[in-house]
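Structure at a glance
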Amino acid sequence: MSDSPPREPRSSVILYARIDHRERAVEARVRNLSITGACIDNPGELTKGDQVAVTMGSLQELPAEVMWTSATLAGLHFTKGAIDLAEARKPRDRGATAAKASAGWINNIHHAYRRRDG
């Protein structure tokens, strides 16, 4: 019998999150989620004790600590307290974090005078 406090209930989910770690951002699948932590696919570079920022759903840059790792998974603990699970499950606008085109023809692809209708 363990003296540790009981774990928060976890829900299996199919979510993707952006993990910011050591000046690099990667997409990782969230396997399960609770109000205090998550189990994610380990992108191969996380180790116990690492500090990361997690963006999922409408929640931006949640500070988290890596509590454990395996070859394929990592367990995260949200360090600022409980999160709103409904907000975490909302669709995330991946385009907001992607680089925007700033030069070349792709920048004007939807320009009114460039379109060729019919």
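Now for a look at the structure at hand. (Residues numbered from 1 in each chain as written. Predicted model: local features only at pLDDT ≥ 70, side-chain atom pairs only at ≥ 80, totals over all residues. Heavy atoms only, no water.)

**Thoughts on the overall build of the protein chain**
A count of helical and extended segments in the protein chain gives one helix and six strands. Here the protein chain holds 118 residues, and 31% of them are scored as buried. Pairs at least 24 residues apart make up 49% of the contacts formed inside the protein chain by residues separated by at least 6 positions. Accessible area of the protein chain: about 8200 Å², with a carbon and sulfur share of 51%. (Helix = DSSP H or I, 4+ residues; strand = E, 2+ residues; numbered from the N terminus. Buried < 20%, exposed > 50% of the residue type's maximum accessible area, 1.4 Å probe, protein only. Contact = heavy atoms within 4.5 Å. Areas by Shrake-Rupley, 256 points an atom, 1.4 Å probe, with all protein chains shown as cover.)

**So, the nonpolar core**
A general tendency of soluble globular proteins is for nonpolar side chains to be buried together. Core analysis: the largest hydrophobic core is formed by 23 residues, its most contacted members being Ile 19, Val 30, Leu 33, Ile 40, Val 54, Met 56 and Phe 78. Dropping the residues within four chain positions of it, Ile 40 is found in contact with Ile 19, Ala 28, Arg 29, Val 30, Arg 31, Leu 46, Thr 72, Leu 73, Ala 74 and Leu 76. (Core = buried A, V, L, I, M, F, W, Y, C linked by side-chain atoms within 4.5 Å.)

**Points about the pairing of strand E6 (residues 73-78)**
With five bridges joining them, strand E3 (residues 37-41) and E6 adopt antiparallel strand pairing. In the sheet register, Ala 38 faces E6, and the bridge partner there is Leu 76. As paired strands, strand E5 (residues 59-69) and E6 are joined by five bridges and run antiparallel to one another. Paired with Glu 65 across the bridge in E6 is His 77. As consecutive antiparallel partners, E5 and E6 are separated by three residues. (Pairing = 2+ DSSP bridges.)

**Side note on the pattern of salt bridges**
Under the defined criterion, the tally for this structure stands at six salt bridges. For the salt bridge of Glu 87 with Lys 90, the shortest nitrogen-to-oxygen distance reads 3.0 Å. Residue classification places Lys 90 among the partly exposed residues on the basis of a relative accessible area of 40%. Salt bridges sharing partners connect three or more residues here, namely Arg 18, Asp 20 and Glu 61. (Salt bridge = Lys/Arg side-chain N within 4 Å of Asp/Glu carboxyl O.)

**So, the pairing of strand E2 (residues 24-33)**
Where strand E1 (residues 11-21) meets E2, nine bridges bridge the pair, whose relative direction is antiparallel. Considered in E2, the bridge of Ala 17 is made with Ala 28. Judged from the three bridges that link them, E2 and E3 form a sheet pairing that is antiparallel. By the bridge assignment for E3, Val 30 is matched with Ile 40. Between E2 and E3, which pair antiparallel one after the other, the connecting turn spans three residues.

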